[in-house]
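Chain residues, written in single-letter form:
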2 protein chains.
Amino acid sequence: MSAESTPPYTSPTGDSAYREAVLDLLGTVAYGELVAHEELTADGALAPDLGSKIAMARLAGEELAHFEAIAARLGELDADPHAAMTPFRSAVDAYHARTQGRTWAERLVKAYVGEGIRTDFYREIAALVDPQTAELVLGVATATEARDDWLVAGIREAIAADPRIEGRLALWGRRLMGEAISQAQQVAVEREALASLLVGGLGERGGDIAELGRMVARMTERHADRMTRLGLAA
Amino acid sequence: MSAESTPPYTSPTGDSAYREAVLDLLGTVAYGELVAHEELTADGALAPDLGSKIAMARLAGEELAHFEAIAARLGELDADPHAAMTPFRSAVDAYHARTQGRTWAERLVKAYVGEGIRTDFYREIAALVDPQTAELVLGVATATEARDDWLVAGIREAIAADPRIEGRLALWGRRLMGEAISQAQQVAVEREALASLLVGGLGERGGDIAELGRMVARMTERHADRMTRLGLAA
């Protein structure tokens, strides 16, 4: 099943394997957004000026609002939000523990790249799920132009101020993408229903593991585009 | 002038010394709320369980909303929010740097006590300013019963689990109040218009430094009530 075809699901409540996959999906998104709020807020606490501090706090606040939207939806589906999020804590926490930026520029790159990866993932899965879930997930895909522009400008400014950091930031971008793929893989191994959804294995047409590879390939391409926009090697 | 009498101001725009005092007031509240969002979010990142993590993130989100309300008001008053906040950064930052809780229980006590002190301060100043400013400031005084109940329950639970921490938490509460007073005093020395507003010196009746002492006394009493509610010596 390609991401472009029509999803076979019309509701998250009929098929029990599909329901399980949707709860996994919402659980991972909810926990990811909750921790994104924490991470961006911590970035703001280390911002070099008041304007950046406020801008980061606002980015963080949006992630918290996304968390609330997903948590509310889990409630509507009679799911326990804590139970839905818990299986994804270790992978999300590990990603962040392994990608703590040491400089403001690294933190800006992580905010830009991390948000981009999340948004790409949300758009990919939106094509695979029922319309209501798709709408919700697309609603939290917030790598908007205005957000991106601010982050990109800040990163380019930091590079202009000290061009020697360019090589390190390029490596940093590669590492962020690598850690994201590595943690996502961990999740896919542990959460069969979610993985089956991603490879189309829950649908009538059976699974296609190659589709998962193509999804990663598309996401890696978009990541490369973002690095190019920063003037960095991907 | 006592806090119970009618404030002599009807608008923040007429008198220029009064306007300056109001901008100081809003600047300190805005920056205080912005950093409270950061601090509570950092607490959430260290929470012992997912439920506490989410609850702390929600408390933090409310502080961010308060920040936005005050920043919007500064904009309405044609003031530069950054300029209004900047003079208060060092005192607010110093308070937090000197009161970093080492344990979850200390962080809960700081959240409860810190919020309580802020709320008491907001209620005190609401009695001294024009009605519109008063309404705004009272709107961010959010030491509500539901918030408090959750924090108090968590603290009492931590003490019940390990009664030996009681003495240290009592000292901790005293230190929080002491640091708050100390930083507030620093601000009062540096910001004459704000200090004059607090002692009634901007009004026709002239300043009364004793009123400031009485305000601190009232706030200390309320702090003692909170410590008593925790079962701790004040």
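Everything here concerns the structure above.
Everything numeric in this text was worked out from a predicted model, so none of it was measured.

Quick look at the overall build of chain A now. Counting its regular elements, chain A contains 10 helices and 0 strands. Start at the N end of chain A and walk to the C end: the helices and strands fall as α-α-α-α-α-α-α-α-α-α. Expected size for 234 residues packed as a compact globule is a radius of gyration near 17 Å; at 18 Å, chain A falls within 12% of this value. Counting only C-alpha atoms, chain A reaches 55 × 35 × 30 Å along its principal axes. Taking all 234 residues of chain A together, 54% fall into the buried category.

Rotating chain A by 180 degrees about the axis while translating it 0.0 Å along that axis superimposes it on chain B, leaving an RMSD of 0.0 Å. Accordingly, the operation relating the two chain copies is best matched by a two-fold axis.

All names here are of chain B. The terminal C-alpha atoms of helix 10 (residues 209-229) lie 31 Å apart, and with 21 residues this matches the ideal 30 Å at 1.5 Å per residue to within 8%. Residues of helix 10 that are buried include every one of E211, M215, R218, M219, H223, R226 and M227, and no others. In the core, the buried residues of helix 10 are packed alongside helix 5 (104-126), helix 8 (166-190) and helix 9 (192-198). Two residues or fewer past helix 10, G231 is found with a positive phi of approximately 80 degrees.

Here we come to unusual backbone geometry. Of note in this structure, D78 of chain A is not a glycine but carries a positive phi near 60 degrees. With respect to the helices and strands, D78 of chain A occurs in the loop between helix 2 (50-76) and helix 3 (81-85).

Turning our attention to empty space enclosed by the protein. Residues and elements named next belong to chain B. Under the counting rule described, the total for this entry stands at 1 cavity of 30 Å³ or more. Reported here for the largest cavity is a volume of approximately 110 Å³. In terms of lining residues, the largest cavity is bounded by A36, E39, L40, D43, E63, Y95, H96, K110, A111, G114, E115 and R118. Taken together, the elements giving at least two residues each to the lining of the largest cavity come down to helix 1 (16-45), helix 4 (89-98) and helix 5. Looking at the lining of the largest cavity, the element that brings in the most residues is helix 5, giving 5 residues. A breakdown of the residues in the lining of the largest cavity according to their chemical character gives 4 nonpolar, 2 polar and 6 charged.

Below, the discussion takes up the pattern of salt bridges. Residue and element names in this part refer to chain A. Counted by the stated rule, this structure contains 39 salt bridges over all chains. The salt bridge partner of D120 is R226, with a shortest N-O separation of 3.1 Å. Of this pair, D120 sits in helix 5 (residues 104-126) while R226 sits in helix 10 (residues 209-229), and the two are 106 residues apart along the sequence. Residue class for D120 comes out buried when judged on its relative accessible area of 4%. Measuring nitrogen to oxygen at the nearest pair gives 2.7 Å for the salt bridge that ties R218 to E124. With a gap of 94 residues between them, R218 in helix 10 and E124 in helix 5 connect regions that are remote in the sequence. Residue E124 is classed as buried on the basis of its relative accessible area, which comes to 4%.

Cut-offs applied
- Residues numbered from 1 in each chain as written.
- Chains lettered and ligands numbered in written order.
- Predicted model: local features only at pLDDT ≥ 70, side-chain atom pairs only at ≥ 80, totals over all residues.
- Heavy atoms only, no water.
- Helix = DSSP H or I, 4+ residues; strand = E, 2+ residues; numbered from the N terminus.
- Rg over C-alpha atoms; globule rule 2.2 N^0.38 Å.
- Buried < 20%, exposed > 50% of the residue type's maximum accessible area, 1.4 Å probe, protein only.
- Least-squares fit on C-alpha atoms with pLDDT ≥ 70 in both.
- Expected span 1.5 Å × (residues − 1).
- Contact = heavy atoms within 4.5 Å.
- 1 Å grid on protein atoms, 1.4 Å probe; cavity = no way out; pocket = protein on both sides within 12 Å on 5 of 7 lines; lining within 4 Å.
- Points joined across faces, edges and corners; volume = space filled by probe spheres on them.
- Nonpolar A, V, L, I, M, F, W, Y, C, P; charged D, E, K, R; others polar.
- Salt bridge = Lys/Arg side-chain N within 4 Å of Asp/Glu carboxyl O.

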